[in-house]
Amino acid sequence: MDRGSRLAQVYRRFGEAEADAAGTSPLYERVAVAVSESDEVLRAIQAAPAPKRHPTVILAALHDLALAGRAPALAAAYAAADADAAADAAIDTLLRMTDDVVAIAVRRKVRPEETGRCAVLYPAVAEAARRAGAQTAGLIDVGRSAGLNLSVDRVGITYGNGPSLGDPASPVRMTSSIVGDRPVPARAMPEIVARIAVDRDPTDVTDADDSRWLRACCRPDQPERAARLDAELALAATAPPLLLRGDPVEVLPDAIACVPADALPVVTTTWALSQFPLGGRRRFLERLVEAAAARPVAWVSAEGVGVAPTIPTLGDRRASGHSIIGVAFFDGSVRSAEAIGRCWSRGRLLAWLADR
């Protein structure tokens, strides 16, 4: 089987079967299948390096051109939710602007949805601060390039059978349904005095091109997600984080050092450690332990079962469909780690487990 045939199969499978497109994005479903049927377009895509030929990358690059006003016919088809017109316009754009599409694909990394995680983080960060007796904290978000988690104290969150937390006047509103009979505690967030994002390729929320790329990674026929992202980007841009670029494990000590001495460093990871090799996760934990020789450090995590080292799994099976919310505290030789909740669908469902 030649490369073109294999690539055609990848695009057809993406359009017809994969969750990224089939059933969730009719526009991308039609575009991907149309691409799979065009030998000329498939040859054009092969101008990109092999890892950058995947539909998620190429379709995001096309969407970026549409959002930038450089592919008006494609933008109009997306706005009208016209799948056939979108397929025609996408093919035309790929053939006319191959170099531009490839350049974007090579330069950029597809960003998974980063929004909506604060409903999990808010009570967990407040719990970490309570356990440490901290009134002020510096947030260090690892592996979420835009650092949208760093606005956790500035959003408004409504829980299904519990309190409303955060800023009731915030332009960013989130909801989470509670599983079980234990409500999320109505505990105040500490004052946040530092916001630091650590990533290999961080996204600057104040940069128009960077912000547009995050929008381009959203499906064009999912306006609610796009609107939520726009609101979170706008909020983050009013208090942009310090961006530290590099291997998160190696940069973490520098990030902790950027937190004022009288504030508790709270490191947060949300579905980020699964991108680390097993050895990298262990070194991540070692960095936290090393930093705690000089000052107390807390770690709040929302990761798949068994992904976050030292966080108990509660007897749950790996790949069980939910995640564990964990809080770990390090202070010299003192170390504690507890699973304080479970969550599903990136926090849309939450079960609080910690004692009040």
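Residues numbered from 1 in each chain as written. Predicted model: local features only at pLDDT ≥ 70, side-chain atom pairs only at ≥ 80, totals over all residues. Heavy atoms only, no water.

## With respect to the packing of helix α4 (residues 55–67) against helix α7 (residues 98–107)
Argument step 1. Between α4 and α7, whose axes approach to 9 Å, the crossing angle comes to 115 degrees. One way to sum up the angle between α4 and α7 is to call them roughly perpendicular. At the point where α4 passes α7, the crossing takes the right-handed sense. Residues Val57, Ile58, Ala61, Leu62, Asp64 and Leu65 of α4 form the contact with α7, whose participating residues are Asp100, Val101, Ile104 and Ala105.
Argument step 2. The residue inventory of the contact of α4 with α7, partitioned by class, reads eight nonpolar, no polar and two charged. (Axes fitted to C-alpha atoms, helices over the stretch in contact; angles between N-to-C directions. Helix = DSSP H or I, 4+ residues; strand = E, 2+ residues; numbered from the N terminus. Parallel < 35°, antiparallel > 145°, perpendicular 65-115°, else oblique. Left-handed = near helix turned anticlockwise from the far one by under 90°. Contact = heavy atoms within 4.5 Å. Nonpolar A, V, L, I, M, F, W, Y, C, P; charged D, E, K, R; others polar.)

## A word on the pairing of strand β4 (residues 173–178)
Argument step 1. Burial along β4 is one-sided: the face carrying Met174, Ser176 and Ile178 is buried and the face carrying Arg173, Thr175 and Ser177 is not.
Argument step 2. Alignment of strand β2 (residues 156–159) against β4, held across four bridges, turns out to be parallel. By the bridge assignment, Thr158 is partnered in β4 with Thr175. (Buried < 20%, exposed > 50% of the residue type's maximum accessible area, 1.4 Å probe, protein only. Pairing = 2+ DSSP bridges.)

## Side note on the environment of Gly280
Argument step 1. Tracing the chain through its elements places Gly280 in helix α12 (residues 278–291).
Argument step 2. For Gly280, a relative accessible area of 3% corresponds to the buried category.
Argument step 3. C-alpha of Gly280 to C-alpha of Val249: the two residues are 31 residues apart in sequence and 7.0 Å apart in space.

## Describing the packing of α4 against helix α6 (residues 83–96)
Argument step 1. Their axes nearest at 11 Å, the elements α4 and α6 cross at an angle of 90 degrees. Taken as axis vectors, α4 and α6 run roughly perpendicular relative to one another. Of the residues in α6, those in contact with Ile58, Leu62 and Leu65 of α4 are Ala90, Thr93 and Leu94.
Argument step 2. Partitioned by chemical class, the residues of the contact of α4 with α6 number five nonpolar, one polar and no charged.

## A short note on unusual backbone geometry
Trans peptide bonds make up most of the peptide bonds, and negative phi angles are found at most residues other than glycine.
Argument step 1. Within the chain, Trp271 stands out as a residue other than glycine whose phi angle is a positive 50 degrees.
Argument step 2. With respect to the element layout, Trp271 can be found in the loop between β7 (264–270) and α12.
Argument step 3. Classification of Trp271 as buried rests on a relative accessible area of 9%.
Argument step 4. Unlike most non-glycine residues, Leu314 shows phi in positive territory, near 60 degrees.
Argument step 5. The topology assignment puts Leu314 in the loop between β8 (297–304) and β9 (323–331).

## So, the sheet that holds β7
Argument step 1. Spatially, 11 strands are ordered β3-β2-β4-β11-β10-β9-β8-β7-β1-β5-β6 in an open sheet, and the strand pairing comes out mixed. Either end of the sheet is taken by a strand with one partner, and the two such strands are β3 (164–166) and β6 (242–245). Looking at each pair of strands side by side, their axes are set apart by 25 degrees on average, direction ignored.
Argument step 2. Here β2 runs beside β3; their pairing, made up of three bridges, is antiparallel. Bridge pairing in β3 links Gly156 to Gly166.

## Regarding the pattern of salt bridges
Argument step 1. Tallied over the entire structure, the rule returns 21 salt bridges.
Argument step 2. The partner of Arg130 in a salt bridge is Glu127, with the nearest N and O atoms 2.8 Å apart. Linking Arg130 with Glu127, this pair stays in helix α8 (residues 118–132), spanning three residues, or about one helical turn.
Argument step 3. Exposure remark for Arg130: the relative accessible area of 43% places this residue in the partly exposed category. (Salt bridge = Lys/Arg side-chain N within 4 Å of Asp/Glu carboxyl O.)

## Some points on helix α9 (residues 208–216)
Argument step 1. Among the residues making up α9, those that are buried are Asp210, Ser211, Arg212, Trp213, Leu214 and Ala216.
Argument step 2. As for α9, its buried residues are in contact with α2 (26–36), α4, α7 and α10 (223–237).
Argument step 3. Two to three positions downstream of the cap, the backbone nitrogen of Asp209 sits 3.1 Å from a side-chain oxygen, assigning the N-cap of α9 to Asp207. (Polar contact = N/O pair within 3.5 Å; in protein donor to acceptor, adjacent residues only side chain to side chain.)

## A word on the pairing of strand β1 (residues 136–142)
Argument step 1. Extensive coverage of β1 is indicated by the burial of seven of its seven residues.
Argument step 2. Of the two faces of β1, the one carrying Thr136, Gly138, Ile140 and Val142 and the one carrying Ala137, Leu139 and Asp141 are both buried.
Argument step 3. Sheet analysis places β1 next to strand β5 (residues 191–199), joined by seven bridges and oriented parallel. By the bridge assignment for β5, Val142 is matched with Val198.
Argument step 4. In the sheet, β1 pairs with β7 via five bridges, with the strands oriented parallel. Note that in β7 the partner of Asp141 across the bridge is Thr268.

## Side note on the packing of aromatic side chains
Argument step 1. Inspection of the entire model under this criterion finds three aromatic pairs.
Argument step 2. Here the aromatic rings of Tyr28 and Tyr78 are separated by 6.4 Å at their centres, their planes lie at 65 degrees, and the arrangement is edge-to-face. You can see Tyr28 sitting in helix α2 and its partner Tyr78 sitting in helix α5 (residues 72–80), a full 50 residues away along the chain. Taken individually, Tyr28 and Tyr78 each receive the classification buried, so the pair is uniform in this respect.
Argument step 3. Where Phe276 meets Phe284, the ring centres are 6.4 Å apart and the plane angle is 85 degrees; that geometry is what we call edge-to-face. One exposure class covers both Phe276 and Phe284, and it is buried.
Argument step 4. A network of ring pairs unites the aromatic residues Phe276, Phe284 and Trp299 as a single cluster. (Phe/Tyr/Trp six-rings, centres within 6.5 Å; stacked < 30°, edge-to-face > 60°.)

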